[in-house]
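What follows is each chain in one-letter form.
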Amino acid sequence: MGTPWLSVGSERGGIQKSVFELARAMSRDHDVHVVCPAPIRPLDAQTSVDPKSHYAAVTELRRYPIPDELDISTEGVLLLIRLIFAIVAMAAAYAGLRRSLRFDVTYMSSKYVALPILLMGRRRSSGAFVYSERNTWPWLYAEPSGAWARLRYRFNVRLGKAVCTRSDGVHVNSDSLADAMAGQGIDRAVIEPIPNGVEAPPETATEPLAPEVRVGFVARLVEDKGVRILVETVRMLNEQRPSMRFDILGDGPSRAMIANANLRNCTLWGERPRTEVLETLRSIHVVLFLSPVENIPSNALLEALALGKAVVATKVGDTPRFLTDRKNALLCEPNPSAVTEAVVALTDAQELYDTVTAGARRLAGVYTWDAVARRHLAFYTSILAAVAG
């Protein structure tokens, strides 16, 4: 199996981590090759069953070069040129690898790299082609009103449709994303919703409730992750629970909104290595997932469940299908008052807290990377049978 990726964002971030962990799980029984940008820092500890990595002559882009507002500055133009070079470098690295190896399945998570390969370089003899749509934007979002933002939105929808219609199968992380893409004209029959996985839950005790409760938020700091809801929730809890502490792990364009909000007992950690994030999570009692659009593709959500954390999540997208209210999480409406009420309910009732944290571990056990890899392999097998037919 060949697995190329090119993502815009923090190196070794959510999409990269998911693709690598999936490839690692599949490598136990299959020959997996990963084409990716050269790492700018050492990868996670390697094992004897890791996939074979092939690095293109490019590193990850730290931010998306086509913002909602037209950026014609020198920096903006250079960033766009770098994206184009990265696409060419990734496509060339994959094409070169394919000349020496035959892949039964190519699984690609970048539509920018996928389209030129599908248009110019793919033959049926190269096996099945699976495109993985791991971004909820633009599919789960309304078309914006600004002229440039609307043009960018429509371009990404059309690009996504062009890739999906030429692929043998399409993988997404949630049913809500599959339904939204089908609503844009993509054949629902070729779309397979399979969520992200997580490492097997560790055999450790859940952090007991203490007089000084710690509440965590782990996400890229953007509007889509509910940063405005977070800020107002912390303000309300500052008044209702003065001893409660807050740990915010992540970085992004909305960081200034938090930094300038004069929140009390709030530590803004910024972007940290994954090992540090997990270590901090272990001492946190409640973890918030506040997206007004969709929570389910989040790796952080699965990791919080695996660590037996009490999760408060907004009832949006696939969240109510994935989580069960008062069994493995508390679900609430995407507004600060509802989130505040949920946090208070969890931290004031030991029995509810124990029920939710125990249920979180059980749910995470269903979504280990090995289990998720088996679902992917079943999907690939069905696609190969259809291609052969």
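Here is what the cut-offs are and how they apply
- Residues numbered from 1 in each chain as written.
- Predicted model: local features only at pLDDT ≥ 70, side-chain atom pairs only at ≥ 80, totals over all residues.
- Heavy atoms only, no water.
- Helix = DSSP H or I, 4+ residues; strand = E, 2+ residues; numbered from the N terminus.
- Rg over C-alpha atoms; globule rule 2.2 N^0.38 Å.
- Buried < 20%, exposed > 50% of the residue type's maximum accessible area, 1.4 Å probe, protein only.
- Contact = heavy atoms within 4.5 Å.
- Areas by Shrake-Rupley, 256 points an atom, 1.4 Å probe, with all protein chains shown as cover.
- Lys, Arg positive; Asp, Glu negative; His and termini not counted.
- Charge placed at Lys NZ, Arg CZ, Asp CG, Glu CD.
- Expected span 1.5 Å × (residues − 1).
- Pairing = 2+ DSSP bridges.
- Axes fitted to C-alpha atoms, helices over the stretch in contact; angles between N-to-C directions.
- Phe/Tyr/Trp six-rings, centres within 6.5 Å; stacked < 30°, edge-to-face > 60°.
- Patch = residues over 30% accessible without salt bridge, like charges linked within 9 Å, V, L, I, M, F, W, Y side chains within 5 Å.
- Salt bridge = Lys/Arg side-chain N within 4 Å of Asp/Glu carboxyl O.

Draft legend 1. Seen up close, the overall build of the chain. What the chain contains, in helices and strands, is 13 helices and 13 strands. For 389 residues, the compact-globule estimate of 2.2 N^0.38 gives 21 Å, and the C-alpha radius of gyration of the chain, at 21 Å, lies within 12% of that figure. Projected onto the principal axes, the alpha-carbon positions of the chain cover approximately 65 × 50 × 40 Å. When the 389 residues of the chain are sorted by exposure, 54% land in the buried category. Within the chain, residue pairs in contact and separated by at least 24 positions form 67% of the contacts whose partners lie at least 6 positions apart. If you sum the accessible surface of the chain, you get close to 17,000 Å²; carbon and sulfur atoms cover 54% of it. Of the charged side chains in the chain, 45 are positive and 42 negative, and the gap between their average positions amounts to 5 Å.

Draft legend 2. Inspection of helix α12 (residues 350-366) at higher detail. Compared with the 24 Å implied by 1.5 Å per residue over 17 residues, the 25 Å span of α12 between its first and last C-alpha is a close match. Taken residue by residue, α12 has L352, Y353, V356, T357, G359, A360, R361, L363 and A364 as its buried positions. Considering only its buried residues, α12 is in contact with α9 (299-306), β12 (310-314), α10 (319-322), β13 (330-332) and α11 (336-348).

Draft legend 3. View of the sheet that holds β12. Pairing is parallel across the open sheet formed by six strands, whose spatial order is β10-β9-β8-β11-β12-β13. Across the chains shown, the open sheet's two edge strands, defined by having one partner strand only, are β10 (266-270) and β13. Between one strand and the next, the sheet's axes are offset by a mean angle of 20 degrees, whatever the strand orientation. Across five bridges, strand β8 (residues 214-218) lies against strand β9 (residues 245-249) in parallel orientation. Looking across to β9, one finds that V215 is bridged to F246. Helix α8 (residues 274-282) contacts β8, β9 and β11 (286-289) of the sheet and is inclined by roughly 150 degrees relative to β8. Running over the sheet, α9 touches β8, β11 and β12 and is turned about 160 degrees from β11.

Draft legend 4. Fine view of the packing of aromatic side chains. Under the counting rule described, the total for this entry stands at five aromatic pairs. Aromatic side chains Y94 and F103 sit 6.1 Å apart centroid to centroid with 20 degrees between the ring planes, which places their arrangement in the stacked category. Note on accessibility: Y94 and F103 belong to one class, buried. Measuring from centroid to centroid gives 6.3 Å for F379 and Y380, while their planes differ by 40 degrees, and the two rings are tilted.

Draft legend 5. Summary view of a nonpolar patch on the surface. A cluster of nonpolar side chains, namely V77, L78 and I81, defines an oily patch on the protein surface of about 270 Å² accessible area. Looking at the secondary structure, you find I81 in helix α2 (residues 74-100).

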